[in-house]
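# Per-entry structural report
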Amino acid sequence: MPDAIDGASGPGTPGAASSGVNDSGAAAQVPVPESPPRRAGLQLGLLIVNQLLAGIGVATGMALAAILVADLTGVTALGGLSQSASVFGAAIAAIPLARIAVRSGRHVALAMGYASSAVGAVLIVVAASTGVVPVVFLGLAAFGAGTAAGLQARFAATEVAAPGFEARSMSLVLWATTIGSVAGPLLSSTGDELGQAAGLPALVGPFVLSGAVFATATLIAAAVLRLPRAGRLVADTSTSGSSERVRSWPAFRAAFRDPRGRLAILAIVCAHTVMVGVMVMTPVHMTGHGVPIAMVGVVISIHILGMYAASPLMGWLVDRIGAPRVIALGGAILLVATLIGIFAPGDSLVLIPVALGLLGLGWSASLIGGSTLLTKSVEPASRVALQGATDAAMNVAAAASAALSGLVLGLAGFAGVNLVAMVVLVPLVLAGVAMARQARRRRSA
């Protein structure tokens, strides 16, 4: 199957940019990836802007969501469920957004995801102001659709990229999240002050700001962004419209039976599950050992930088050495991170930041490598359906990980949380070994 990206031969896309023959008719040299044409570059730029806005929108609200829920309920332990509600909402939204991408275009799906987050922010503001706690969790679930849209944007980036630039384009879109994730928490205090000045309860104002940011992202996606309709890649096998139906779980099961597809899926799901499970319990672990909140914030910032700041490097590596090798690198980094976490003292301001930084870096390599391999390991007819199902699976697993990691922390401490994370990586290691064996058999055949 060609490695060209979705829709590479459409108008304004780079599919015909390189012919392999020069003007004199002589054979061309080894092809070198060309830069995306202007239109594709503009769409990639708009994707990056929207990803930055989505990062700000998510981080501004979620930075204080756990504290808001704990204050509203009076139960500190329920604060952790705010993250679970948001991640579960992202899981629920993943497949419907994939269906919309098939039928109406990626930009419509992104607009719907951002709009859902804006509505979720409004629900949170109204419910928190009136003390209706269950609706706060409903709003947080709707808020998670913005995360699902942000994840879908990484696949959209490959669809406007020149051949050979797919992973780098994906990594640039993810990299924009760095700015949003860093700026969001800084804007939380400003949003809180503005909200209280407007008569809103404490900790509600940041969600007003998040709603405004997501509304802006919705307008950009709906009015300016124009991306390929993913459904045009589906084989036209029927005149009844069934060719546009996204059958996500059959595509997921079929891909999982193939060694390449299995490695791609496990790289995404396992890495995300490990990252969320360890990350959400790190602040609880550190504060329980007397580490100041300010230092906990620094450690989480280091973790976020590990997740996103190096993504262009990971994209470059995928395009240069291949997705399976980058997945192997990511798995190895995650193993080292969890091993450090097992032995790091709870008040260590050296080992824990190193472990969390490596945790983010391993996630970055695994997600970019796995997402690229996922895109290239299946036929176009199954691609979008598989992407949606995989994102749903990774978010369901992460939601369960976030909910259960608190129980593991209470029973076995932070070392137990990291030990469980190492066990989660075992299927990924086995899939990598199986694919390596298959590759050796093919070479010897």
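Below: a short report on this structure. Since this is a predicted model, take the numbers as computed values, not measurements.

## Observations concerning the environment of valine 278
Positionally, valine 278 belongs in helix H10 (residues 259-288). Note on valine 278: relative accessible area 3%, which makes it buried. Spatially, the C-alpha atoms of valine 278 and leucine 409 are 9.7 Å apart, while their sequence positions differ by 131 residues. Apart from the residues within four sequence positions on either side, valine 278 is in contact with Leu359, Phe414, Val417, Asn418 and Ala421.

## Quick word on unusual backbone geometry
Of note in the backbone geometry, leucine 203 takes a positive phi value of approximately 75° without being a glycine. Along the chain, leucine 203 falls in the loop between helix H7 (166-197) and helix H8 (205-223).

## Things to note about the side chain of serine 188
Secondary-structure assignment places serine 188 in helix H7. On the basis of relative accessible area, serine 188 is assigned to the buried category, the value being 2%. Excluding residues within four positions of it along the chain, serine 188 makes contact with Ala59, Thr60, Ala63, Leu64 and Pro206.

## Quick notes on the pattern of salt bridges
This model, assessed by the stated rule, comprises three salt bridges. Arginine 154 serves as the salt-bridge partner of aspartate 391, at 2.9 Å between the closest nitrogen and oxygen. In this pair, aspartate 391 is assigned in helix H15 (residues 380-424) and arginine 154 in helix H6 (residues 145-159), connecting sequence segments 237 residues apart. Comparing aspartate 391 with arginine 154 shows no difference in burial state: the two are buried. The residue arginine 168 makes a salt bridge to aspartate 319 at a minimum N-O spacing of 2.8 Å. Residue arginine 168 is found in helix H7, and its partner aspartate 319 is found in helix H12 (residues 311-321); the two are separated by 151 residues along the sequence.

## With respect to the layout of surface pockets
Reported here for the second largest pocket is a volume of approximately 500 Å³. Taken together, 19 residues make up the lining of the second largest pocket; nearest its centre are Leu263, Pro324, Gly432, Met435 and Ala436. Ranked by residue count, the leading element in the lining of the second largest pocket is helix H16 (residues 426-444), at 11 residues. A breakdown of the residues in the lining of the second largest pocket according to their chemical character gives 11 nonpolar, three polar and five charged.

## Comments concerning the packing of aromatic side chains
Summed over all chains, the structure comprises six aromatic pairs. With a centroid separation of 5.4 Å and an interplanar angle of 70°, the aromatic rings of tryptophan 249 and phenylalanine 252 are classed as edge-to-face. Of this pair, tryptophan 249 and phenylalanine 252 both sit in helix H9 (residues 248-257), three residues apart, roughly one helical turn. On the accessibility criterion, tryptophan 249 (37% relative accessible area) is partly exposed. Residue phenylalanine 252 is classed as buried on the basis of its relative accessible area, which comes to 16%. For the pair phenylalanine 252 and phenylalanine 256, a centre-to-centre distance of 6.3 Å together with 15° between the ring planes defines the contact as stacked.

## Looking at the nonpolar core
Ranked by size, the top nonpolar core spans 68 residues in total, and within it Leu359, Leu386 and Leu428 carry the most contacts. At 17 residues, the largest contribution of residues to this core is made by H10. Mapping this core onto the domain boundaries places at least three of its residues in each of domain 1 (38-230) and domain 2 (247-444). Every residue in contact with leucine 386, bar those within four places of it in the chain, is listed here: Ala251, Phe252, Ala255, Ile265, Leu374 and Val378. Tyr114, Val136, Leu203 and Val213 belong to the second-largest nonpolar core, a separate cluster that totals 45 residues.

## Focus: empty space enclosed by the protein
According to the stated counting rule, one finds three cavities of 30 Å³ or more in the structure shown. As a volume, the largest cavity reaches approximately 50 Å³. In terms of lining residues, the largest cavity is bounded by Ala94, Leu97, Ala98, Arg106, Ala148, Gln152, Phe155, Gln387, Gly388 and Asp391. Elements that contribute at least two residues to the lining of the largest cavity include exactly helix H3 (81-104), H6 and H15. Looking at the lining of the largest cavity, its residues break down into five nonpolar, three polar and two charged. Each of two domains, domain 1 (38-230) and domain 2 (247-444), supplies a minimum of three residues to the lining of the largest cavity.

## What to know about H3
The terminal C-alpha atoms of H3, which comprises 24 residues, lie 34 Å apart, in line with the 34 Å expected from a rise of 1.5 Å per residue. Most pronounced at alanine 94, the bend in H3 amounts to some 30°, and the proline proline 96 follows within four residues. A positive backbone phi angle near 115° is found at glycine 105, which sits one or two residues after H3.

## Observations concerning a positive patch on the surface
Residues Arg325, Arg437, Arg440, Arg441, Arg442 and Arg443 make up a contiguous surface patch of positive charge. Top element by residues in the positive patch is H16. It accounts for five residues. Tracing the chain through its elements places arginine 325 in helix H13 (residues 323-343). Judged by its relative accessible area of 58%, arginine 325 is exposed.

Thresholds, definitions, all that
Residues numbered from 1 in each chain as written. Predicted model: local features only at pLDDT ≥ 70, side-chain atom pairs only at ≥ 80, totals over all residues. Heavy atoms only, no water. Helix = DSSP H or I, 4+ residues; strand = E, 2+ residues; numbered from the N terminus. Buried < 20%, exposed > 50% of the residue type's maximum accessible area, 1.4 Å probe, protein only. Contact = heavy atoms within 4.5 Å. Salt bridge = Lys/Arg side-chain N within 4 Å of Asp/Glu carboxyl O. 1 Å grid on protein atoms, 1.4 Å probe; cavity = no way out; pocket = protein on both sides within 12 Å on 5 of 7 lines; lining within 4 Å. Points joined across faces, edges and corners; volume = space filled by probe spheres on them. Nonpolar A, V, L, I, M, F, W, Y, C, P; charged D, E, K, R; others polar. Phe/Tyr/Trp six-rings, centres within 6.5 Å; stacked < 30°, edge-to-face > 60°. Core = buried A, V, L, I, M, F, W, Y, C linked by side-chain atoms within 4.5 Å. Domains from an automatic or database assignment. Expected span 1.5 Å × (residues − 1). Bend = angle between axes of the 7 residues up to and from the residue. Patch = residues over 30% accessible without salt bridge, like charges linked within 9 Å, V, L, I, M, F, W, Y side chains within 5 Å. Areas by Shrake-Rupley, 256 points an atom, 1.4 Å probe, with all protein chains shown as cover. Lys, Arg positive; Asp, Glu negative; His and termini not counted. Charge placed at Lys NZ, Arg CZ, Asp CG, Glu CD.

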